[in-house]
Each structure stands twice: as C-alpha cells, then as structure tokens.
Amino acid sequence: VQLQASGGGLVQAGGSLRLSCAASGRAFSTYVMGWFRQAPGKEREFVAVINWSGGSTYYADSVKGRFTISRDNAKNTVYLQMNSLKPEDTAVYYCASKDSRRVWLQIDPSVYDYWGQGTLVTVSS
C-alpha cells in the first residue's frame, strides 16, 4: 500500500484546511485509516481514526469538535477536514493505514502498517 497525503499549507488561526490521503491498492476498504501529526521537537501523536466503512470515527480530545475524518472507498481516499485551526495545530500531518479485520480503534502509531509522506500544516496567529 502506498499513501500520498496532500492539502497542507499556511492558514491563519480560525481558518480551515482539508487534507487528503490517496491510497494505492485494491484492499482500501479493509484498512483502518488514521491521521497523526508531529510538531517540531515533539513525538508523533494521534489525531483521528476511521473504521472500514466510515461509519465509526474517534478523535483526540485536542481536535474533537473541530476536525472531521471521512473516507471515500470508491476513490481510495481518506480526508481530514480541519476547522477553527489554532497555532498549536501546526505540525506535519501523516495518514496511516492498518490492515485490521477486528479492531478498528487504533490510536498507537506503532501498530500502523503503512504511512504517507506527510503534509505540513502551518497555522499563524
């Protein structure tokens, strides 16, 4: 599986961005998809995860109510809509996939199988 993240950029506080992550391969609908981020000098942290069908999602407390994860299995793409952005959201954002047929709520980055290259989001104050 190859993942290609895009959509990052520079935005003012309070603004919005939508990240996309396009996946190769035919088994996209069997993968749990997650978004993570890493700010300078910090460890990679969980942002959001979505189950195989898109019917279940889970968010980090820091983004709950502001970010929305979704997926389009027909397009092999997962999205992260980010609203009400804050300077503390500045980070490189990564999408990741995990081939998990049982448990979809995976927030530990070490269990994910494949990673995108990351896309930089910078929020100015």
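Everything here concerns the structure above.
Keep in mind the model is a prediction, meaning the values are calculated, not measured.

Trainee: Please explain the sheet that holds strand S3 (residues 17-23) as it appears in this structure.
Mentor: Sheet strands pair by backbone hydrogen bonding; their relative direction is either parallel or antiparallel. With antiparallel pairing, four strands are arranged side by side in an open sheet as S1-S3-S8-S7. Two strands lie at the open edges of the sheet, namely strand S1 (3-6) and strand S7 (67-72), each paired on one side alone. Taken over all neighbouring pairs, the strand axes of this sheet differ in orientation by 15° on average, direction set aside. With six bridges joining them, S3 and strand S8 (residues 77-82) adopt antiparallel strand pairing. Each residue of the ladder has a partner; that of Arg18, found in S8, is Gln81.

Trainee: Just checking my understanding: could you explain unusual backbone geometry for this structure?
Mentor: Backbone geometry follows two general trends: most residues other than glycine have a negative phi, and most peptide bonds adopt the trans configuration. In the Ramachandran plot, Asn76 falls in the positive-phi region, its phi being about 55° despite a non-glycine side chain. Despite not being glycine, Ser84 shows a phi value in the positive range, around 50°. The residue Ser84 is located in the loop between S8 and strand S9 (91-99) in this model.

Basis of the calculations
- Residues numbered from 1 in each chain as written.
- Predicted model: local features only at pLDDT ≥ 70, side-chain atom pairs only at ≥ 80, totals over all residues.
- Heavy atoms only, no water.
- Pairing = 2+ DSSP bridges.
- Helix = DSSP H or I, 4+ residues; strand = E, 2+ residues; numbered from the N terminus.
- Axes fitted to C-alpha atoms, helices over the stretch in contact; angles between N-to-C directions.

Keep in mind these numbers describe shape, not what the thing actually does.
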